[in-house]
Amino acid sequence: MNSAGHSEATERRGLELTPFRGLRYDPDRVGSLAAVTSPPYDVVVRPDGLHQLQAADLHNIVRLILPQAPTPEARNAQAATTLTRWRAEGILTADPEPGLYIYEQTDDEGLLQRGIIATLRVTDPADRIVLPHEDVMPHLVADRAALMRATSANLEPLLLTYRGDDHSETAAIIDRTTHHPPLLSTTTEDGHHHRLWSLTTPTDLTTLITDLARHQALIADGHHRWATYRRLRAEHPSPSPWDDGLVLLVDTARYPLRVRAIHRYLPHLPLPDALAALKPHFRVRPLHTPLDQALTALSEASADGNAYLLAGDGTYHLVDRPDPALLARTIPTDRPTTWRTLDATVLHATLLAHLWHIPEDSPSHIAYIHDTAATVTKAEQDGGTAVLMHPVREELVRDLARQGITMPRKSTSFGPKPASGLVLRALDL
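Residues numbered from 1 in each chain as written. Predicted model: local features only at pLDDT ≥ 70, side-chain atom pairs only at ≥ 80, totals over all residues. Heavy atoms only, no water.

Notes on the environment of L309
This is how it is decided: Strands here are runs of E lasting at least two residues and helices are runs of H or I lasting at least four, both read from the DSSP assignment and numbered beginning at the N terminus. Any residue under 20% of the maximum accessible area for its type is buried, any over 50% is exposed, and the rest in between are partly exposed; the area is computed with a 1.4 Å probe on protein chains only. The contact rule is simple, with two residues in contact once any of their heavy atoms fall within 4.5 Å.
Within the secondary structure, L309 is located in strand β16 (residues 307–311). Residue classification places L309 among the buried residues on the basis of a relative accessible area of 0%. Sequence-wise, L309 and R285 are 24 residues apart; in three dimensions their C-alpha atoms are separated by 9.6 Å. Sequence-distant contacts of L309, that is, excluding residues within four places in its chain, are made with L287, A294, L295, L298, Y316, H317, L318, A386, V387 and L388.

This is how it looks when you write it as structure tokens:
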């Protein structure tokens, strides 16, 4: 099955999926499945969210994906020891046979997302099979690589999207599978309902693997983990378990994702200084409104050009209408207009680098936070500047990715993201 799937997928130059034996929590050994799950490692708001997850259950997955110790080496060693112990104690157990997993998320407001959790052959951007759309930060790739080396595991899937056919055999298999009792079902604190099924029937596996081999995918969430997979694959002579990485594949023709912005927090830039540097070159207006109304104003301003919402002093400041001459001097000219006019491009090239002189490669100078209110609270409590962003359209992201053009790092947040802790991949299985 595996070698045949690899051979056919290689000939087709598309996605190359392989069944695997998932490592999952034994529900009889933990308080509840919801209590051991977590958002992806880079979405956890630290330290409050981290502490909350640690307190939820002694076996919460956050103890593996975000281990806490004084040094990176100690953190990774701790995660490896914890994983080994949980497996030995039966907290985490391997499914008896290889399969692909059908994963579903729903909520009470009409959300329905279904996808396939699998191991996927790792490829390079030049292969045009898995398309990145954002740049990565080398220190984060190094951090994730060290953790994966120490644990010999893929602890959480990254999120990939593809554009399938509504009446494809893959769609039929997914829909048919969800009519059977799931392996697990749980509802997490955010109100999302999660269900997971294992697909092990040889005919269904062959059909699905063959169908997906016709497609390419866009990285929706997990650029650093994909870059980590590529680094670890290069370190190990092929064939090896490092040739593949754990992913969730979602057909956005059937299940469109929600695209949200990722905000910036600048701890060493007081808000008055940030605004003073902007005022000669942008229109800056204070908004004495609640956050939701300020975000509506940001959305309206973004329809006419680059716009940002700054916070940190209890008031929101709408920044828009940049000086065209300033943009012409500071934005690189070797990319298409769609890239040059992105809010993230202007933020990083013009505001961060030129006006505020902030080194974006330094995690001590810039933090990336998904939660809007948490970004504002952080700035107001610590005296820095919050820069709130407006999300980009998925079509624009996909168009740039197909051209081989990456957006500035942390430009988008696609969701809903898979919950971490529902299924892991140990490389020795």
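Having put the structure on the table, let's press on.
Regarding the pattern of salt bridges
To keep it simple, the criterion reads: One side-chain nitrogen of Lys or Arg within 4 Å of one carboxyl oxygen of Asp or Glu is enough to make a salt bridge.
Evaluated as defined, the whole model comprises 23 salt bridges. Residue R214 is joined to D165 by a salt bridge in which the shortest nitrogen-to-oxygen separation is 3.6 Å. Of this pair, R214 sits in the loop between α8 (202–212) and β11 (217–221) while D165 sits in the loop between β8 (158–162) and α7 (169–177), placing them 49 residues apart in sequence. We classify R214 as partly exposed; its relative accessible area is 45%. Of the charged contacts in the structure, one is a salt bridge between D382 and K378, with a shortest N-O distance of 3.2 Å.

Topic: the nonpolar core
Our working definition: Here the nonpolar core consists of buried residues drawn from Ala, Val, Leu, Ile, Met, Phe, Trp, Tyr and Cys, with membership extended through side-chain atoms lying within 4.5 Å.
Formed by 115 residues in total, the largest nonpolar core has its most connected members in L17, I116, L310 and W356. Top contributing element to this core by residue count: helix α14 (residues 343–355), with seven residues. With 17 residues, the next largest nonpolar core counts L287, A294, A311 and Y316 among its residues.

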